[in-house]
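Structural characterization, general
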Amino acid sequence: MTGSFPQGEAAQQTIDLQDFLKLQGVVETGGEAKFRVQGGEVRVNGEIETRRRKKLRRGDVVEYAGHRLKVDW
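Because the structure is predicted, anything quoted here is derived from the model rather than measured.

**Structural notes on the sheet that holds strand E5 (residues 61-64)**
- Taking strand neighbours across the sheet as the criterion, the four strands line up as E3-E2-E5-E6 in an open arrangement whose pairing is antiparallel. For this open sheet the edge positions go to strand E3 (47-48) and strand E6 (67-70), each flanked by a neighbour on one side alone.
- Running over the sheet, helix H1 (residues 17-24) touches strand E2 (43-44), E5 and E6 and is turned about 70° from E5.

**Describing the nonpolar core**
- By size, the foremost hydrophobic cluster in this structure holds 16 residues, and its most contacted members are Leu-17, Phe-20, Leu-21, Val-42, Leu-56 and Val-62.
- For this core, the element with the most residues is H1, which contributes three residues.
- Dropping the residues within four chain positions of it, Leu-17 is found in contact with Val-37, Val-42, Val-44, Glu-49, Arg-51, Arg-52, Arg-53, Lys-54, Leu-56 and Val-62.

**Describing the pairing of E5**
- The sheet contact formed by E2 and E5 spans two bridges and is antiparallel. Across the sheet, the residue bridging to Arg-43 is Glu-63, located in E5.
- In this sheet, E6 lies alongside E5 in antiparallel orientation, the contact comprising four bridges. Bridge pairing in E6 places Glu-63 opposite Arg-68.
- Where E5 folds back onto E6 in an antiparallel hairpin, the turn is made up of two residues, including Ala-65, whose phi is positive at roughly 50°.

**Observations regarding unusual backbone geometry**
- Notably, Asn-45 is not glycine yet its phi reads approximately 55°, a positive angle.
- You can see Asn-45 is positioned in the loop between E2 and E3.
- Phi at Ala-65 is positive, roughly 50°, even though this residue is not glycine.
- Topologically, Ala-65 is positioned in the loop between E5 and E6.

Cut-offs applied
Residues numbered from 1 in each chain as written. Predicted model: local features only at pLDDT ≥ 70, side-chain atom pairs only at ≥ 80, totals over all residues. Heavy atoms only, no water. Pairing = 2+ DSSP bridges. Helix = DSSP H or I, 4+ residues; strand = E, 2+ residues; numbered from the N terminus. Contact = heavy atoms within 4.5 Å. Axes fitted to C-alpha atoms, helices over the stretch in contact; angles between N-to-C directions. Core = buried A, V, L, I, M, F, W, Y, C linked by side-chain atoms within 4.5 Å. Buried < 20%, exposed > 50% of the residue type's maximum accessible area, 1.4 Å probe, protein only.

Below, the structure written as structure tokens:
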């Protein structure tokens, strides 16, 4: 996720899990993201995450449908 946040504020910023999945293109809609997350199909840092508004921080790792995505900006 390069360039999504101002450089000086990057360490303090978060992004919701459902928004991250959409921005990375692994789901097509917010509705799909909600369904996948609440259905237990997504892992954050190796743990199943069912909260679609889970706040992700720089360095977190999200796994879904064979994709392994590191949160970075």
